[in-house]
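# Report on the structure
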Amino acid sequence: MQVSAGGHGGFSNADDAVDFRGNPVDKSKTGGWLGAGLILGTELAERVCVMGISMNLVTYLVGSLHLSNAKSANVVTNFMGTLNLLALVGGFLADAKLGRYLTIAISATIAAIGVSLLTVDTVLPSMRPPPCGDPRGAQGHECVPASGGQLALLYAALYTIAAGAGGLKANVSGFGSDQFDGRNPREERAMVFFFNRFYFCISLGSLFAVTVLVYMQDNVGRGWGYGVSAAAMVLGVVVLVAGTSKYRYRRPEGSPLTVIGRVLWTAWKKRKLPHPADAGELNGFYATKVPYTDRLRCLDKAAVVDQVDLGASPTKTKEQASMASTVTEVEEVKMVLNLLPIWSTCILFWTVYSQMTTFSVEQATRMGRRLSAGFVVPAGSLSVFLFLSILLFTSLNERLLVPLASRLTRRPQGLTSLQRVGTGLVFAIVAMAVSALVEKMRRDASLNGVAISAFWLVPQFFLVGAGEAFAYVGQLEFFIREAPERMKSMSTGLFLVTLSMGFFLSSFLVFLVHHVTRGTWIQNNLDTGRLDLFYWMLAVLGVVNFAAFVLIARRHEYKPSTSAVVAPAGEEDGSMGKEMDDVLVVKENVEGMDV
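Our subject in this report is the structure included herewith. Please read all numbers here as calculations on a predicted model, not as lab measurements.

Counting 129 residues, the largest nonpolar core has Ile53, Tyr353, Phe387, Tyr472 and Phe534 as the members making the most contacts within it. Broken down by element, the residue count for this core peaks at 12 residues, all from helix H7 (residues 185–219). Contacts of isoleucine 53, omitting those with residues within four sequence positions, involve Phe79, Val115, Leu118, Leu158, Ile161 and Tyr226. Grouped together as the second largest cluster of nonpolar side chains are 18 residues, Val263, Phe285, Val304 and Val330 included.

What follows concerns the pattern of salt bridges. Side chains that carry opposite charge are capable of pairing whenever their charged atoms lie near each other. Summed over all chains, the structure comprises nine salt bridges. In this structure, the salt-bridge partner of arginine 100 is aspartate 178, at a minimum N-O distance of 2.4 Å. Taken together, the residues span a long stretch of sequence, with arginine 100 in helix H5 (residues 100–123) and aspartate 178 in the loop between helix H6 (148–177) and H7 at a distance of 78 residues. Here arginine 100 matches aspartate 178 in class, with each residue buried. Put simply, arginine 442 and glutamate 439 hold a salt bridge, and the shortest N to O gap is 2.9 Å. Here arginine 442 pairs with glutamate 439, and both are found in helix H14 (residues 417–447), just three residues apart, close to one helical turn. Glutamate 439 matches arginine 442 in its accessibility class, with the two residues each being buried. Here the salt bridges share partners, and the residues they tie into one network are Arg100, Asp178 and Arg250.

The end-to-end C-alpha distance of H14, which contains 31 residues, comes to 45 Å, matching closely the 45 Å that a straight helix rising 1.5 Å per residue would cover. Looking one or two places after H14, you find glycine 449, whose phi comes out positive at around 85°.

What follows concerns the packing of helix H4 (residues 69–98) against H6. Remark: H4 packs on H6, axes separated minimally by 6 Å, with the N-to-C direction vectors making an angle of 40°. The angle between the axes of H4 and H6 places the two elements in the oblique class. Remark: the crossing between H4 and H6 carries right-handed chirality. Residues of the contact of H4 with H6, tallied by class, amount to 15 nonpolar, eight polar and two charged.

Let us look at the packing of aromatic side chains. The full count for this structure, using the stated rule, is 19 aromatic pairs. Judged by centre distance (6.2 Å) and plane angle (75°), the ring pair of tyrosine 247 and tyrosine 249 falls under edge-to-face. In terms of burial, tyrosine 247 and tyrosine 249 fall into one category: buried. Measuring from centroid to centroid gives 6.5 Å for phenylalanine 546 and phenylalanine 549, while their planes differ by 25°, and the two rings are stacked. Here phenylalanine 546 pairs with phenylalanine 549, and both are found in helix H17 (residues 531–555), just three residues apart, close to one helical turn. Of the residues examined, phenylalanine 546 reaches a relative accessible area of 26% and is grouped as partly exposed. The ring of tryptophan 268 carries arginine 271 above its face, with NZ or CZ at 3.9 Å from the centroid.

How each quantity is defined
Residues numbered from 1 in each chain as written. Predicted model: local features only at pLDDT ≥ 70, side-chain atom pairs only at ≥ 80, totals over all residues. Heavy atoms only, no water. Core = buried A, V, L, I, M, F, W, Y, C linked by side-chain atoms within 4.5 Å. Buried < 20%, exposed > 50% of the residue type's maximum accessible area, 1.4 Å probe, protein only. Helix = DSSP H or I, 4+ residues; strand = E, 2+ residues; numbered from the N terminus. Contact = heavy atoms within 4.5 Å. Salt bridge = Lys/Arg side-chain N within 4 Å of Asp/Glu carboxyl O. Expected span 1.5 Å × (residues − 1). Axes fitted to C-alpha atoms, helices over the stretch in contact; angles between N-to-C directions. Parallel < 35°, antiparallel > 145°, perpendicular 65-115°, else oblique. Left-handed = near helix turned anticlockwise from the far one by under 90°. Nonpolar A, V, L, I, M, F, W, Y, C, P; charged D, E, K, R; others polar. Phe/Tyr/Trp six-rings, centres within 6.5 Å; stacked < 30°, edge-to-face > 60°. Lys NZ or Arg CZ within 6 Å of the ring centre and 35° of its normal.

Quick look at the structure:
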């Protein structure tokens, strides 16, 4: 990989962070862990809200609204899929116009409105069909499923929550990382741990949701459980706004999609032009804010200046050319395209994860959950082991695995982001194999009149949780750190779209399997179905996906670190020779990285 020496070694040393008044930031009074902590509070509220709904929603759909297992599973996965898909829209709005802070504030408010609507929906008796066995039912004593009118408010509430939570999730991690200056060695080290602590904190929120809130929903009332979620979301908005003067902000730099579209279109129009003999002839090469690389050289033609660009006026310079893209824009598009192969192989992990919120919960309803004479564990609360596993492995990563891997690999971050993702994919494969074995055992016992303990499901929750601790943090770090600075929110949205595609893929696979097997694998009565074969299918798909991931990850070239070329505090920028030495060190380190 070739790294340019244009400008100041190809890197921008200007700190464009501002305070809430638009003035250059006073770093002693803004940002750091104080600003990041307040932002984490808002994400904590979002996680309490969303997980308190999604992890136990399937029991409400089956038990109270009398929907089928397959339809209930698809309602949940489509809700979560849409939520994460809308994160891409939230990221685009933040990068293009609103900025991360304002997008988070608006999105959190919308989410609070949505969960308030859901609370109202579950409280109103008219929004539910008659109980099974109620002679008022149109089919006598049969279970009557909810009508379209009864589902209308539910869907309106769920997709309002999806719109708000999606915009919040796309920006909160990027806004949190904005509170640290990547050019300051001390703050960059803090940023390395921010992603782990970010996920540790929101996992605490998930833990609260699947224990306290799920118990309230099943034993006190859905309205009370969702009401607490609404209150948490309102509190999250208050916490965010309260810290307005403590944050560091970055101004939005225009629509990233416009940049991407212009570069791709210009490169296509100029595809027949020859490559310049010297990269320095490209438009804006010596003023680039991003290191020039020689990968995807076909896109370099977007920065080639020809006579059409210069027009009739001989006084125009290459930098003034209006039709040609700049090297900075071309390199930013290269970065985004470089993310897509990895992006595609991350989807299946979230398909596996979605089983923990749907079929695993349904399995639990048919297993023994009584701990004592007066206490039965809610089926949705078994996912507590998912989040305990996440908390355990997130802590182990920071306290044990990262320091150990750092000593072995001589890299400060220990495992690379892609090594974390790969580890998560392996855990997902093992989880599906274990799930298949447990379901086979549960089904055989149930057919013999025996309900085995629901705690046999703990291993699959634990394995998926361990995988998520690696995969989520690895993907989040990868998509934020490898993306162009002005496309950070959109890149986070792109990462969250992998979650979306994973949930949608789960819905599609359920539909496809139900159609191909004529309903023999997935039935309303799990005892007469073959859910274990569905799990084995996911395990096989996971093996194929992991093989593709390894092939792609081995070819990935990490973005050079900008901090390596910054002079220490108190020193001048340094000579071009020193900068070039540092650039070469970065180049060697990047090229020497393992997957």
